[in-house]
Each structure stands twice: as structure tokens, then as C-alpha cells.
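# Coordinate inspection notes
What follows is each chain in one-letter form.
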Amino acid sequence: MPSGNVIRGSRIGGAPERPTERYEPAPRRAVTYWCRNDHATEIRLALDAEEPAVWDCPRCGLPAGQDAQNPPGRTRPEPYKTHLAYVKERRTPEEGEALLAEALAALRRRRGRE
Ligand SMILES: [Zn+2]
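Residues numbered from 1 in each chain as written. Predicted model: local features only at pLDDT ≥ 70, side-chain atom pairs only at ≥ 80, totals over all residues. Heavy atoms only, no water.

- The protein chain is annotated in an unreviewed UniProt entry as RNA polymerase-binding protein RbpA of Micromonospora antibiotica.
- Listed in UniProt under the heading Sequence similarities (unreviewed entry), the comment for the protein chain reads: "Belongs to the RNA polymerase-binding protein RbpA family."
- We quote the UniProt Function (unreviewed entry) comment for the protein chain here in full: "Binds to RNA polymerase (RNAP), stimulating transcription from principal, but not alternative sigma factor promoters." (UniProt positions renumbered as here; feature names shortened; annotations may be inferred.)

## Regarding the overall build of the protein chain
- Scanning the protein chain from terminus to terminus reveals four helices and four strands.
- Listing the helices and strands of the protein chain from first to last along the sequence gives α-α-β-β-β-β-α-α.
- Counting over 114 residues, the protein chain shows a buried share of 11%.
- Element-wise, carbon and sulfur atoms account for 53% of the exposed surface of the protein chain, whose accessible area totals about 9,900 Å². (Helix = DSSP H or I, 4+ residues; strand = E, 2+ residues; numbered from the N terminus. Buried < 20%, exposed > 50% of the residue type's maximum accessible area, 1.4 Å probe, protein only. Areas by Shrake-Rupley, 256 points an atom, 1.4 Å probe, with all protein chains shown as cover.)

## Section: the UniProt feature "binding site: Zn(2+)" (unreviewed entry) in the protein chain
- Sites flagged by UniProt as "binding site: Zn(2+)" (unreviewed entry) map to Cys35, His39, Cys57 and Cys60. A maximum C-alpha distance of 8.5 Å is found for the annotated residues, which run over 26 residues; spatially they form one tight group.
- Assignment of secondary structure puts Cys35 in the loop between strand S1 (28-34) and strand S2 (40-46).
- For Cys35, a relative accessible area of 1% gives the class buried.
- Not counting chain neighbours up to four residues away, the residues in contact with Cys35 comprise Cys57, Cys60, Leu62, Pro63, Ala64 and Pro71.
- Structurally, the position occupied by Cys60 is in the loop between strand S3 (55-56) and strand S4 (63-64).
- In contact with Cys60, other than residues within four places in its own chain, are Cys35, Asn37 and His39. (Contact = heavy atoms within 4.5 Å.)

As C-alpha cells, this is what we get:
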């Protein structure tokens, strides 16, 4: 026998039941955090709540941030770099130009033969 209705007692008083604030969902927004293991965690915050900069990933425990491309973490403190950035780090622009010219020449030779 369910006893939940007995506690509220809306029928006893006969007064129309008014929704109390407790049952109204507060307006919320979703904020997603990413950890280094590509785990996305969506948390819901009240509209006026300040979003934390870092959220612990519930799956692996690593700190997660809102930038999917640059999640916080202890393993790699330097900012995320593109592949091109790494290439540029290893080679000077001149070397890059030479490599590009070489590749283009090879491509043209191959095409010329066809
Ligand atoms: Zn994780």
C-alpha cells in the first residue's frame, strides 16, 4: 500500500494543490568538460552559477576542461599543438619550402609520365 499520498494530504484539506517551488526545475544550462582521455562529461549548472574552470572526470579522475582541444592535465602541460606546429618546430621555413618544392617536382614528374 503506497503511503506517499497520505503525507501530502491534498484531499483532506480540499484546497487546490499548488505547485511548490521545490518541484519546479530551475533553469539550467549544460556545460561539457573533456579530459585527456576524450571523456566528455556534461554537467548542468544553474543559469547564474559560475562554471568551474576544471571538473574532475568521473570516469578516469583526470581534470577536465571546457576546451576539447586542450584539456588540462599533468601529463602534458604545454598547450595543444597541431601537427603543422610540430613540423614547423622541427624544420625551418626554408627547409619546409625545399621539401615542398621537392614534393611538387616529384608530383609533376609522375603526372608528366601519365
Ligand atoms: Zn576521463
